[in-house]
Structures are given as C-alpha cells and as structure tokens.
Amino acid sequence: GLGMGMAMMPVFTAGLGAIPQELTSRGSAMLNVTMQIFGSFGTAIFATVVDQRQKFHFAVMAQTVTPDSVTTVSTLSTIQQAFTHGGLSLENARHAAILSLYQLTQLRASVQAFDDAFVISGLVLLVGIIPALLLPSGRPARRGRIGPTA
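In this numbering scheme, every chain counts its residues from 1 along its sequence in written order. Whole-chain, interface and lining totals are the exception, using all residues; otherwise, since this is a predicted model, local features are given only for residues with pLDDT of at least 70 and side-chain atom pairs are given and counted only at 80 or more. Heavy atoms from the whole structure form the basis of all side-chain values; hydrogens and water molecules are not counted.

Time to look at helix α3 (residues 70-85). Secondary structure counts use DSSP, requiring at least four H or I residues in a row for a helix and at least two E residues in a row for a strand, with both numbered from the N terminus. Here the expected span of a helix is defined as 1.5 Å times the quantity of residues minus one. Along its 16 residues, α3 runs 23 Å from first to last C-alpha, staying within 8% of the 22 Å computed at 1.5 Å per residue. We call a residue buried when its accessible area falls under 20% of the maximum for its residue type, exposed when it is over 50%, and partly exposed in between, using a 1.4 Å probe and counting protein chains only. Within α3 the residues assigned to the buried category are T72, I79 and Q80. Projection of α3 onto a plane perpendicular to its axis shows the buried side chains occupying an angular sector of 105 degrees, all on one side. Along α3, exposed side chains directed more than 90 degrees from the buried face belong to V70, T71, T78, A82 and H85. Those residues of α3 hidden inside the fold are in contact with α2 (24-64) and α4 (90-133). Capping the start of α3 is the job of one residue whose side-chain oxygen sits 3.4 Å from the backbone nitrogen of T71: S69. Summarising the geometry, the arc corresponds to the directions from the helix axis toward the C-beta atoms. Between two residues, a contact is recorded if the distance between any of their heavy atoms is within 4.5 Å. Counting of polar contacts relies on pairs of N or O atoms within 3.5 Å, with two restrictions inside protein: one atom must be capable of donating a hydrogen and the other of accepting it, and residues adjacent in sequence are counted only when both atoms are side-chain atoms.

Structure (structure tokens):
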C-alpha cells in the first residue's frame, strides 16, 4: 500500500542513479522484476505463517473447549437457547450450537494467527531498518554520464 509506494521510490531513485545512464532501462526492468518476485515471496511467507499459526492456536483452544469445561457447557447452553427461541428443535439447536462454537473457535484462532503474523512482520521490519540506517547518505556520483564535463 502506501508504505510500499513511499519506500520504493527512494530505492528506485538510488538504484537507478548508481548505474550508467545507458543501462537505465535494464536497471529499471531488474528493479521491477526483483520487486515483484520478493513481493510474491513475502506474500507466500505471510500466508504460510498465518496458516500454521491458525492451526496451532486452534489445537491449543481445542484442548480447553471440551465437554468437561464449565465455560464450554455454559456457552453451548446459551447458544442452544438462542437457536430454540429462533424456532429450531432441541436436537437441531444442539447441533447448530456445536457448529457455532466450532466456528467461533476457528475465528478466534484466525485472529490470533494474524496477530502473530503481524508481530513477526514487525520484527522483520525492525531488523531491516538497521541496515537501512547504515546506508551511506547523499547522492551517488553518476557514472557514464553523456555530455560535456566541466
């Protein structure tokens, strides 16, 4: 989004400014290809982290959402009552309540997975800022410039 746009323009400018002018078109193409490839890798890694963490969080929650749990029984009872007031039979309301509890657990696991993924991406960003701060500042001298020199 916005951050990508704000970050890429200075990178493109610095990268293209450091190569000879006759190679600018090739350099631009390489920068675009690199941006697309690493953007795809980043998306795939982010999706994998979310998927794995969602499975982990669901497995942890499934250990506590059991028929022995007072909270689970209370929640199922409340949901089942809501379905019976909505017109379902007792048996259908019980099945709908179990399904709803399963969906709520999946939703909560998904939210926690996205939380984890954003924390991980934030840590990666912090690690990436350190080398960025160590980059030399100032405009590099342009090599291969065509035209008169003073």
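So, about the environment of S28. Checked against the element boundaries, S28 lands in helix α2. For S28, a relative accessible area of 24% translates into the label partly exposed.

Let us now look at the packing of α2 against α4. Angles shown run from 0 to 180 degrees and are taken between the N-to-C directions of axes, each axis being a line fitted to C-alpha atoms and, for helices, limited to the stretch in contact. Two elements in contact, α2 and α4, have axes whose closest approach is 7 Å; the angle formed by their N-to-C orientations is 135 degrees. By the angle between their axes, α2 is oblique relative to α4. Crossing handedness for the pair α2 and α4: right-handed. Taken together, the residues of the contact of α2 with α4 break down into 12 nonpolar, seven polar and three charged. Relative orientations are named as follows: roughly parallel for angles under 35 degrees, roughly antiparallel for angles over 145 degrees, roughly perpendicular for angles from 65 to 115 degrees, and oblique for any other angle. Helix crossings get a hand from a simple test, with the near helix turned counterclockwise from the far one by less than a right angle marking a left-handed crossing and a clockwise turn marking a right-handed one. The residue classification treats Ala, Val, Leu, Ile, Met, Phe, Trp, Tyr, Cys and Pro as nonpolar and Asp, Glu, Lys and Arg as charged. All others, Gly included, are polar.

We now examine the pattern of salt bridges. Should the charged atoms of two oppositely charged side chains come close, the side chains can pair. The salt bridge definition used is simple: a Lys or Arg side-chain nitrogen within 4 Å of an Asp or Glu carboxyl oxygen. Inspection of every chain in the model, using the stated rule, returns three salt bridges. Its salt-bridge partner being D116, residue R53 comes within 2.8 Å of it at the nearest N-O pair. Placement of the pair is R53 in helix α2 and D116 in helix α4, with a sequence separation of 63 residues. We classify D116 as buried; its relative accessible area is 19%.

Attention now moves to the environment of L90. Looking at the secondary structure, you find L90 in helix α4. The class for L90 is exposed, based on a relative accessible area of 59%. In this structure the C-alpha to C-alpha distance between L90 and Q80, which are 10 residues apart in sequence, comes to 7.8 Å.

Inspection of the secondary structure assignment puts T72 in helix α3. In contact with T72, not counting residues within four places along its chain, are T64, V65, T66 and L101.

What follows is about α2. Since one α-helical turn is 3.6 residues long, residues separated by three or four positions face the same way. The end-to-end C-alpha distance of α2 is 60 Å, a good match for the 60 Å that 41 residues give at a rise of 1.5 Å each. Restricting attention to buried positions, one finds in α2 the residues G27, V50, Q54, H57 and M61.

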